[in-house]
Amino acid sequence: MNAYDEYMRGIVTPMRKELTDHGFKELLTPEDVNEHISEAKGTTLAVINSVCGCAAGLARPGVIEALNSTEAKPDHLVTVFAGQEKEATAQMRSYFDEVPPSSPSVAVLKDGQLAYFIPREQIEGYSVEFIRDNLKQALEQVAE
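Residues numbered from 1 in each chain as written. Predicted model: local features only at pLDDT ≥ 70, side-chain atom pairs only at ≥ 80, totals over all residues. Heavy atoms only, no water.

Attention now goes to the nonpolar core. Counting 23 residues, the largest nonpolar core has Phe 24, Leu 45, Val 63, Leu 67, Ile 123 and Leu 135 as the members making the most contacts within it. Elements represented by at least two residues in this core include exactly strand S2 (43–49), helix H3 (53–68), strand S4 (105–110) and helix H5 (128–143). Ranked by residues supplied to this core, first place goes to H3 with 7 residues. If we ignore the near neighbours within four places in the chain, the residues touching Phe 24 are Leu 19, Leu 45, Val 47, Val 63, Leu 67, Leu 77, Val 78 and Thr 79. In this structure, Ala 82, Met 92, Phe 96 and Phe 117 belong to the second largest nonpolar core, which totals 14 residues. (Core = buried A, V, L, I, M, F, W, Y, C linked by side-chain atoms within 4.5 Å. Buried < 20%, exposed > 50% of the residue type's maximum accessible area, 1.4 Å probe, protein only. Helix = DSSP H or I, 4+ residues; strand = E, 2+ residues; numbered from the N terminus. Contact = heavy atoms within 4.5 Å.)

Shown next, in the form of structure tokens:
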């Protein structure tokens with residue numbers, strides 16, 4: 001591992017932990033993504049994580065608050081990390097290629113099919129409360 005990779009690993013560790021501490025499973029390889037999508041029944045909440053400030057200050061807190069404030073809990077919580085596991089991220093995005101790549105972003109999938117998508121454009125510049133309420137409403141609609 002080179003110095004850059006080591007440096008980035010140290011930087012992203014707490015960013016990963018923020019989601020994994022709340023029950024998210026990291027999908028680190030394209031095979032992990034394919035296995036999850038092919039086997040997951042019900043609702044999957046997939047967070048495309050990122051090192052940017054809007055991921056740290058808005059996306060991750062908004063997602064966690066949404067999960068804490070709704071009865072419509074997804075069956076599966078997964079995450080890929082843009083810029084880190086590039087192949088896994090590309091594979092996840094291939095399941096909703098009708099939307100442009102965006103990170104951070106949040107996808108709600110129902111039985112492996114995209115049901116709702118929150119792109120960076122609906123995260124950056126918005127409040128944590130807006131993101132929370134947007135995702136909470138999406139989860140409740142998909143659960144119906």
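For helix H2 (residues 30–39), the full list of buried residues reads Val 33, His 36 and Ile 37. Down the axis of H2, the smallest arc covering the buried residues is 95 degrees, so these residues share one side. Exposed and oriented more than 90 degrees from the buried face of H2 are Glu 31, Ser 38 and Glu 39. Summarising the contacts, the buried residues of H2 are in contact with S2, strand S3 (76–81), helix H4 (86–94) and S4. (Arc of directions from axis to C-beta.)

Okay, the sheet that holds S2 next. Here we have 5 strands laid out as an open sheet, ordered S1-S3-S2-S4-S5, and mixed in their pairing. A single partner strand is all that each edge strand has here, and the edge strands are strand S1 (25–26) and strand S5 (113–118). One ladder, built from 6 bridges, connects S2 with S4; its direction is antiparallel. Bridge pairing links Thr 44 to Leu 109 in S4. (Pairing = 2+ DSSP bridges.)

On their own, these measurements won't tell you what the molecule is for.
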